[in-house]
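Summary of structural features
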Amino acid sequence: MMKANDPRPASNSNQPMHLGVCYYPEHWPEDRWVADAAAMAAMGLSRVRIGEFAWSRIEPEPGRYDWGWLDRAVETLSDAGLGIIMGTPTATPPKWLVDAMPDMIGRDRQGRLRTFGSRRHYCFSHEGYAREAERISAAVAERYGAHPAIVMWQTDNEYGCHDTVLSYSEAARDGFRRWLAAKYGSAAALNAAWGNVFWSMEVRDFGEVELPHLTTTEANPAHWLDFRRYSSDAVIAWNRRMMAAIRAHAATTDITHNVMGFVTEFDHHALGADLDLTTWDSYPLGFLEQFPFFSEEEKRAYARQGHPDIAAFHHDLYRGCSAGRWGVMEQQPGPVNWARYNPAPLPGMVRLWTLEAFAHGAELVSYFRWRQAPFAQEQMHAGLHRPDGSEAPGANEVRAAAADLAAIGDGGNAPKSVALIFDYEGEWVTATQPHGAGLSALRTAFDWYRAARALGLDIDVVGPDASLDGYGLILIPCLPIVSEALVTRLEGTACPIVIGPRSGSKTADFAIPEALPPGTLGRLFPARVLHVESLRPGLAHAGDGWAVTGWIETVETGAEAEHICADGRVAVWRQGRMRYCSALPDAVLADRVIASAAIEGGMHPVAMPEGMRVRRRGGRSFVVNYAPEVQAVPAGIGGEALVGARMMPAAGVSVFG
Ligand code: GAL
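Residues numbered from 1 in each chain as written. Predicted model: local features only at pLDDT ≥ 70, side-chain atom pairs only at ≥ 80, totals over all residues. Heavy atoms only, no water.

A few points about the site of the ligand
Going by this rule: Note on definitions. A residue lies near a molecule or strand when any single heavy atom of the residue is within 4 Å of it. By the criterion applied in these results, polar contacts are pairs of N or O atoms within 3.5 Å in which, for protein atoms, one can donate a hydrogen and the other can accept it, and in which residues neighboring in sequence qualify only through two side-chain atoms. Shrake-Rupley sampling with a 1.4 Å probe provides the accessible areas, and residues are treated as covered by the protein chains on show and by no other component. Nonpolar residues are Ala, Val, Leu, Ile, Met, Phe, Trp, Tyr, Cys and Pro. Charged residues are Asp, Glu, Lys and Arg, and all others, Gly as well, are polar.
The environment of the ligand is formed by Phe-53, Arg-119, Asn-157, Glu-158, Asp-281, Tyr-283, Glu-330, Trp-338, Phe-368, Glu-378 and His-381. Here an oxygen atom of the ligand sits 2.3 Å away from a polar atom, N or O, in the side chain of Glu-378. Across the complex, the protein chains shield 95% of the 310 Å² of accessible surface that the ligand would expose by itself. In terms of residue class, the shell around the ligand is built from 4 nonpolar, 2 polar and 5 charged.

Concerning the side chain of Arg-369
For the record, the criterion: Labels follow the DSSP assignment, with helices taken as runs of H or I lasting at least four residues and strands as runs of E lasting at least two, numbered in each case from the N terminus. Remark: exposure states derive from per-residue accessible area (1.4 Å probe, protein chains only) relative to the maximum for the residue type, with buried under 20%, exposed over 50%, and partly exposed in between. Positive charge is attributed to Lys and Arg, negative charge to Asp and Glu, and no charge count is given to His or to the chain ends. The term salt bridge refers to a pairing of a side-chain nitrogen on Lys or Arg with a carboxyl oxygen on Asp or Glu at a separation within 4 Å. Working rule for contacts: check all heavy atoms of both residues, and any pair within 4.5 Å makes them a contact.
Within the element layout of this structure, Arg-369 appears in the loop between strand S8 (364–367) and helix H14 (393–408). No salt bridge is formed by the buried Arg-369; its nearest oppositely charged neighbour, Glu-378, is found at 4.7 Å. A distance of 2.6 Å separates a polar side-chain atom of Arg-369 from the backbone oxygen of Arg-371. Among all residues touching Arg-369, those that are not within four sequence positions of it are Val-21, Cys-22, Tyr-24, His-27, Trp-28, Pro-333, Ala-382, Gly-383 and Leu-384.

A word on the packing of helix H13 (residues 349–359) against H14
For clarity, the threshold we go by: Helix axes use the C-alpha atoms of the stretch in contact, all axes being lines fitted to C-alpha atoms, and the angles between their N-to-C directions lie in the range 0 to 180 degrees. Should the near helix be turned counterclockwise from the far one by less than a right angle, the crossing is left-handed, whereas a clockwise turn marks it as right-handed.
Viewed as axis vectors pointing N to C, H13 and H14 meet at an angle of 35 degrees, and their least axial separation amounts to 8 Å. Taken as a pair, H13 and H14 cross one another with a handedness that is right-handed. Contacts from Met-349, Val-350, Arg-351, Thr-354, Leu-355 and Phe-358 of H13 reach H14 at Gly-394, Glu-397, Val-398, Ala-400, Ala-401, Asp-404, Leu-405 and Ile-408.

Quick word on unusual backbone geometry
At the junction of Phe-368 and Arg-369, the peptide bond is cis and its omega measures out at 10 degrees in the coordinates. Here the residue pair Pro-517 and Pro-518 is connected by a cis peptide bond, since its omega of 5 degrees sits within 30 degrees of zero. Mapped onto the elements of the fold, Pro-518 is located in the loop between strand S12 (497–499) and strand S13 (527–534). With a phi close to 75 degrees, Leu-516 is a non-glycine residue in the positive phi region. Mapped onto the fold, Leu-516 is located in the loop between S12 and S13. A positive phi is found at Ala-651, a non-glycine position, where the angle reads about 60 degrees. On the secondary structure map, Ala-651 appears in the loop between strand S24 (647–648) and strand S25 (653–656). Given a relative accessible area of 4%, Ala-651 falls into the buried group.

Bear in mind that shape data such as this cannot, by itself, settle questions of function.
As C-alpha cells, then:
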C-alpha cells in the first residue's frame, strides 16, 4: 500500500503514456539490432522490454555469466533513445538448474510432476528455487541497476500462466502446513474453523493435513479456500523476495509485474499493493475465444475486435491495484497462436486498443512483439513485423496511434462515478462451490460491469479495502465474504448501493452465517435469505421484458419488492438507497436497475449503441466503436470532435472535448 510519506503520485493522471515493444535480442543476429532499435524509435516507440526469458543465455552454466551480449543489447537500445524495461528471467529456469533440483517443478492437480521444455516450470513454495531466483534477479539487477536507460523492472513473467499458482508438490504441502499452523495455532482450532467433525475429517496435528486434491469426492470447501489463500500468499511472498533482490541494486526504479486477463488464482490487489505499477497483457481476441463468459453469437460478432468490455474491464481492474498506476505490457498486434481459433484484428483495432488504454489512464502500451519468431512455440504469433523483417499490418497502426497521442496531449483526471467491488477471495469461494454450473463471482462482476458500461458510465473496479469516498454509485455484484470493516465503510457513504445475490453468504471460514445470509450485510440491508436455488439454462423466471437466470433466492425482508417476476418471485428489493438483487438479472434487468440507481446517484446514463463504448478523462470523452459497422455517437455525448467524427467507422475512435 502507499504510505503517507510515499513520494509516488496517488494517481496517474499526469503521467505521459509511453508506447513500447517486447523485444528478444537473443533471438536475432546482432547485426540486426542497430536497425531494429532505430526503427523502433522512428515508429514512435520510447520503451522496449527485454530479458524476461533469457536465463540460458545469461548464465549458460552454473555460476558462469555471459553478460557481453546483453551489455551490447542494452547499449544499442539505449543509444537509440529507448527506455528499457528489464525483465528478470525467473519464469524460464534452465535445464541445468532443473536437473540440479528436480523437485523445484510443480505438480499438477493429478499429482503429476511437470517436466522441463516450456516455461513456468517451478513451484512457488520451493525454497531452493526461490533462492536461485533471487540470485539471478540480483545478478541482473547488480549488472544493470545503475544504468540510466533502465526505466523499469519486470519481475518474472505472468505469474499463474499455464495454471501454475496451485501446485500439489511436497514443497507446497509443507508450506501449507506451516501456513495453517501460523493461522490457527492448534489443530483443534483448525478442526473447529473448517467443521472437520463432518465426515470424520478431524486431524490431530498440522502434519496430518494433506492437500485438498485427489480426495474420493470433494474435499472440505474450507480446506480449499485456505489452500487457495496459502497459494496466493506464496505468489505475493515470492514476488516480494524478487523485488527486494532488484531493489538492492535499483533502489528507485519502478518495478512492475505483467499480470493476465481473467486470471484470479492469486490476489492481484495484494500483488499490486507491493508493485510500483501493475501492468497486464491484453489479448482481446484470444480472451474472447477462450473464455466461457461469451455466447457463440458474441464470439462471432466480435471475433476480429474482441468483446468491447474485455480490455476495459481489465484496465479498470488493474488501475485499482497499484494506487492508480498501471499499463499494458503486452498488447496483441495481430493474430495470436494460442486460442482455439486465431483471426486477425479488424484494421484499426490495434490503434483503437492503444487509444482506449490511454482513455482509461495507462502510462504504457507495449506491443508483443517486435518481430514474429520463425522458430519454436510461438512461430504462428504475429508481431509488428513478419519473420523476414517486413512490416506486418500492426506497424502502421502503431504509427497512427503515436500520432494521435501526440495530438491529444496530456491525459488529465478521470471522473469518480461508479465503484464496482470485486474481491479475489470471493471468486475462490464461487470457484470452490459454484452451486450451479458456470456461476462465478468474476463472471457476475463482468456482467454488471458490461451493463454499467453499456450505459456510458465510467467505472472503477476496486478491491474490498479500497476507499469508497466520492463515488456516485457502488455496485457489489457478488461478494460472498464481507468484512465488518467494509460494511462500516459502506455505512459511511451516501450514494445508491446495489448488492448482488450471494453477497454476505459465507463467513471467513466458509460457513453459512449464523443469522443466515446476507450475514454482515444485514446491517445495511436487513433481510434473511431463507433458501437459494441454482437454475439450469432455460429455467428462467420472466418479468416485464426481462428474466432472471442461473440463481434465485427466497428472501424475508421488510424492504419493498421493486422488480417482481410474473410468477410472484422477487428479483430486486429496495430500501432507501439500498437495492438487493435476490436473483441474477439478465442484461435487460441489470440495465434497468443500474440505470435507476445511477440516476439517483446524480449520473446521466446514455444508452450506448451495441459495441460502442465511452470513457471520460481530462474533460474529454473517448468513444470507441467495436462494432463491425458505421455507427453514430449518441446525442448524450457532446463536445467538439478532437479526433474522428460523430459518424464512427468500424474500429473507429473519436475524442470529444
Ligand atoms: C503472454 C506471454 C508472452 C507470450 C504471449 C503470446 O501470455 O507473457 O510471453 O507468450 O502471451 O500471446
